[in-house]
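# An overview of the molecular structure
Okay, here's what each chain looks like letter by letter:
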Amino acid sequence: MMKQYIGIDIGGTMIKFALIDQAGKIGKKWRIPTNLAENGAYIPSEIAESIENELPTALESVKGIGIGVPGPISRSGETVLEAVNLGWKKLPLKKGLEERLGIPVALINDANAAALGEMWQGVSKGKRNLLFVTLGTGVGGGIVLNGKILNGVHSSGGEIGHIPISSSEHRLCGCGNINCLETFCSANGLVKTMKVVDPERAAVHPGFTAVDIFKWVAAGDLRAQEALAATIERLGMVLAGIMNTIDVEEIVIGGGLSEAGDALLAPLRLVVDAHIFPQIRGNYHVKKAALGNDAGIYGAVYYCQSVHEMID
Ligand SMILES: [Zn+2]
């Protein structure tokens, strides 16, 4: 009989659940709103309740629960160190849920989960080494080496959104540092760069977004093209630098900006190629992620299986 797992992706507005078997087939999917009251204090019990309600009979056959969390996890795997968007600080989520549900729980950072998800059931299926980058309101990352996520000594491995960028500007990052990659190459960073390139733009189009910028680029708007090119230049140089360090098989781009498809990926490939080490050039891929919002639940289940040594 196929082993069953529950994958969970905790986001700032919704918590997504899926019952997934060991072959990666989704049996059931559901979601609940994220309750941010009292610094997210009710979230763990609401997760447990939701599982009990949705799987009243199937729960006995569930071998493990993998949970993707928007923040770093302690080295022991027991505690969510911090999840700013949820209001959590040092929350022992693993033990609490295991006691309540009687099922092993594994916690993983959400970007790392998405990276594993793309490797297991997404665009990198069959690969064991990849650099995953998510370009959304921020920039997240996950590095998979020999099938395992690089979590690092301080649970900060793969935090490529916080690689420093050299610039005459002074952009304050959410992490407290100045000029991190995500202040330039997230959707918000692109909008900021558009405002630097064309200070009048916001007056004419108040509240414009990255989607508008891609529309302007497609329509031949030179200023928008300049802003996008500057963004891609910075991102491509950083990605080439990481590739020259870890030398993996492919770069996978996810998140909202990746929806622009080749308008982003084609010029990005050229910049990465220009800076990548000659031995790698021509022997790697830059791909768009395939699983969208489901990458995290797949990856959480894959991680859960791997920490319980059910797969290598
Ligand atoms: Zn930062």
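Notes on the structure in this doc start here. Model, not experiment: these values are computed from the prediction.

The biggest cluster of nonpolar side chains holds 87 residues, and the ones touching the most others in it are Ile8, Leu107, Ala115, Leu116, Ile213 and Ala300. For this core, the element with the highest residue contribution is helix H9 (residues 222-246), accounting for nine residues. Residue-level mapping places this core at the junction of two domains, with at least three residues from each of domain 1 (4-115 + 293-307) and domain 2 (125-290). Among residues more than four places away in sequence, those in contact with alanine 300 are Gly7, Ile8, Asp9, Gly66, Ile67, Gly68, Ile108 and Ala113.

This brings us to the pairing of strand E2 (residues 14-21). Sheet topology places strand E1 (residues 4-10) next to E2; seven bridges connect them, and they run antiparallel. Across the sheet, the residue bridging to isoleucine 6 is leucine 19, located in E2. Between E1 and E2, which follow one another and run antiparallel, lie three residues. When E2 meets strand E3 (residues 26-33), the two strands line up antiparallel, connected through seven bridges. Bridging across to E3, isoleucine 20 finds its partner in isoleucine 26. Connecting the antiparallel pair E2 and E3 is a turn made up of four residues, with glycine 24 showing a positive phi of about 95°.

Turning our eyes to something else, we now look at the pairing of strand E7 (residues 105-109). By the criterion of burial, E7 is predominantly enclosed, with five of the five residues buried. The side-chain alternation of E7 yields two buried faces, one formed by Val105, Leu107 and Asn109 and the other by Ala106 and Ile108. Sheet topology note: the strand E4 (residues 62-69)/E7 ladder contains five bridges and is parallel. In the sheet register, glycine 66 faces E7, and the bridge partner there is alanine 106.

A few words on the sheet that holds E7. Spatial strand order, E3-E2-E1-E4-E7: five strands in an open sheet with mixed pairing. Each edge of the sheet is formed by a strand with only one pairing partner; in this case those strands are E3 and E7. Adjacent strand axes in the sheet meet at a mean angle of 20° when their direction is disregarded. Sheet contacts for helix H4 (residues 110-121): E1, E4 and E7; angle to E7, the most-contacted strand, approximately 100°.

Conventions and cut-offs
Residues numbered from 1 in each chain as written. Predicted model: local features only at pLDDT ≥ 70, side-chain atom pairs only at ≥ 80, totals over all residues. Core = buried A, V, L, I, M, F, W, Y, C linked by C-beta atoms within 7 Å. Buried ≥ 20, exposed ≤ 12 C-beta atoms within 10 Å, placed from the backbone. Helix = DSSP H or I, 4+ residues; strand = E, 2+ residues; numbered from the N terminus. Domains from an automatic or database assignment. Contact = placed C-beta atoms within 7 Å. Pairing = 2+ DSSP bridges. Axes fitted to C-alpha atoms, helices over the stretch in contact; angles between N-to-C directions.

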